[in-house]
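Spelled out, the chains give:
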Amino acid sequence: MKKLLFILFVFAFFGMNAQTKFNVEAHLGYAFNNDLYMNQEKISSNTVLMTQLGANVQIPIYKGIYGETGIYGKLYFAEGEVRNSSYNAKTLRLDIPFLLGYHFLEKYRISSGFSLSNNRDFNELNISKENNVRVNFLIKGGYAFHKKWQIVALFQRNLRTTPDLFLLNEPRTTISVGISYALK
Amino acid sequence: MKKIIISFTFLILLISCSDFDEELKFDVPSYKDVTIENLETPFPVINLIANEEQVEKMFENYRAEIEIEARMDLYRNHELQVDRELVELEIKGGKSATFELKSLGIKFDDTQDNSQRQIINPEKILPNHSLDKIKSFRLRNSGNDFFDTMLKDATYSELAIELGLDFEVSYYEPAFVFINNEFYGMLNIRTETNSNGISRLFDKKKKHLTMVKVDSPGVIDIKDGDEARVYTLMQKIADGDVAHIKQEIDLNSFIDYMAFESLITNFDWPNNNVRFYAIEDSKFRFVLYDLDYVNEIDIANHPLKSIRNGNSSPIIDMFNVLYDNDAEFKQQFDERLEEIYNNPKFSRESFSTILNKNMEYVEKEIPLHLQKYKEPETLIEWYQNVDELRADFDDRFGYLKNKF
């Protein structure tokens, strides 16, 4: 059912017809935690790479101000050690951002807002459990070096109190850079 | 076309699964290949040998209280300590009896000399208790903690032992269990808190005990002994007869019991999981057990609110009669509550020390068990659950700080 809703959302999103900008984006970044402990031991080697792929729509609101939303898939590649265990994790998350931004000096834009993403795999979402959803604070900047192409940078920080277990494979903070292509 | 490609990419991403691969720094054999002979472990290893059809029937009808005859072997470091001893085997537990790994009650045909045979060998016991003789014990799946740590009840019981509180407890040692030579899982050997278990702690016969149990929703169940005495006590509680209650109850035991359970805020208590007993004509004393729901729910409550939680139970009524009508009891209880809280052994450090000790003893053994039951699926997840158990105590301790 969740997958069906998602499919409908994707097609509705790309079927929109308005005076808006549509972009696709790809990011590569590094995710990290400040001082992650488990069983009173600091996790020493917790390396997490992140790729993010998705699309967004920018809706002009007033002069240079715009609203932005979209849909992204985020893939985290993590490895590390905890006591007697070493792990290697691949974690896929769906992310829906809501941003308010500003265009300035023609080529630049900056925006801030939040995003919602699943904190558990879709087949493990359970309403009776906590920590199903993450809320992330976002800061995003962009520079248009071509009519259709932009370099973008994104800062994401989990705002919820998430148990450390979830932070092993998807850390609290992510910094990424990427490229955006305007479809329309 | 672009839109279709992007939508398709999203769908592929969504359908592809996340995965988590764990590699342990030590070797763990497959649970399917493990045998009593090749299993290297510091734990005692128990093998229960019984008629396979009867075992199957017992597991299929786990609510039917079916007892079957079995033979039990127990090994320590591959040395046979108990050899084909005749036992009665029964599935135990309430909700936890629905779990794949079920708790088992073991009752020996003959009382066993535990000092010789080392059936259970806990690190520390209370000075007034003896484990020299064992008539029965429980192989416990850790109840509602089965999915989390397998350590919770035992760790809180050890905290009570460390504090030297004046009530009876269930002792603990983890074990590997086989049924008909097939690996069953890791279970906790626990001394029983029923008449058989408690009578042996004091080297008494079961027939000398009156044992009372309070089950949800606060229903009295007289297990053994002098029913008339129990009914009289219940009537006197209903009448608010302070003098009679004080004459019948070991007040130190009652105060310690109520104080400890309320300090660790047991959500599944006191309208459930209460046991008290008397040996012959002595006063009723209390037994601590089933601590799977402590420090999980309502952890910001004042201890008194944990007792007076809106449920009905003879124990709540008895406490209320004494606390509201007897100034001396009220003062004693309030002082003891604070005294236990301020005891350096009731601290984050002390709890953490006990938990770490139990965790370290189990951490290289539990992967074999997790491999079979996948609850939790990885050792890392188990580490995290242990951390949450520690954090729950820390949180409760922090809230209590504001109450005193």
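Residues numbered from 1 in each chain as written. Chains lettered and ligands numbered in written order. Predicted model: local features only at pLDDT ≥ 70, side-chain atom pairs only at ≥ 80, totals over all residues.

1. With respect to the overall build of chain B
A tally of helices and strands in chain B yields 14 helices and twelve strands. Computed over C-alpha atoms, the radius of gyration of chain B comes to 23 Å, within 12% of the 22 Å expected from 2.2 N^0.38 for 404 residues, which places it in the range of a compact globule. Considering only C-alpha atoms, chain B reaches an extent of 80 × 60 × 40 Å along its principal axes. Going through the 404 residues of chain B one by one, you find that 43% of them count as buried. Within chain B, residue pairs in contact and separated by at least 24 positions form 67% of the contacts whose partners lie at least 6 positions apart. (Helix = DSSP H or I, 4+ residues; strand = E, 2+ residues; numbered from the N terminus. Rg over C-alpha atoms; globule rule 2.2 N^0.38 Å. Buried ≥ 20, exposed ≤ 12 C-beta atoms within 10 Å, placed from the backbone. Contact = placed C-beta atoms within 7 Å.)

2. Looking at the sheet that holds strand 10 (residues 219–224) of chain B
Residue and element names in this part refer to chain B. Pairing within the open sheet is antiparallel, and its four strands lie in the order 10-9-11-12. The open sheet terminates on both sides in strands that have one partner only, identified here as strand 10 and strand 12 (285–287). Each strand axis lies, on average, 25° off the axis of its neighbour in the sheet, ignoring direction. Bridge analysis of strand 11 (residues 274–279) against strand 12 gives three bridges, and the strand direction is antiparallel. Bridged to Arg275 within strand 12 is Val287. (Pairing = 2+ DSSP bridges. Axes fitted to C-alpha atoms, helices over the stretch in contact; angles between N-to-C directions.)

3. Topic: the domain arrangement of chain B
Residue and element names in this part refer to chain B. Domain assignment breaks chain B into domain 1 (45–198) and domain 2 (205–342). Taken together, the contacts link 20 residues of domain 1 with 24 residues of domain 2. When contributions to the side of domain 1 that touches domain 2 are tallied by element, the ones reaching two or more residues are helix 4 (152–163) and helix 5 (195–201). By residue number, the principal contributor to the side of domain 1 that touches domain 2 is helix 4, which donates six residues. Residue composition of the side of domain 1 that touches domain 2, grouped by class: seven nonpolar, eight polar and five charged. (Domains from an automatic or database assignment. Nonpolar A, V, L, I, M, F, W, Y, C, P; charged D, E, K, R; others polar.)

4. Observations concerning the sheet that holds strand 2 (residues 45–49) of chain B
All names here are of chain B. An order of 2-3-4-5-6-8-7 is seen for the seven strands of this closed barrel, with the pairing classed as mixed. The sheet shows a mean angle of 35° between the axes of neighbouring strands, direction not considered. Pairing of strand 2 with strand 7 (residues 172–179) involves four bridges; the strand directions are parallel. When the sheet's bridge partners are listed, Leu48 is paired in strand 7 with Ile179.

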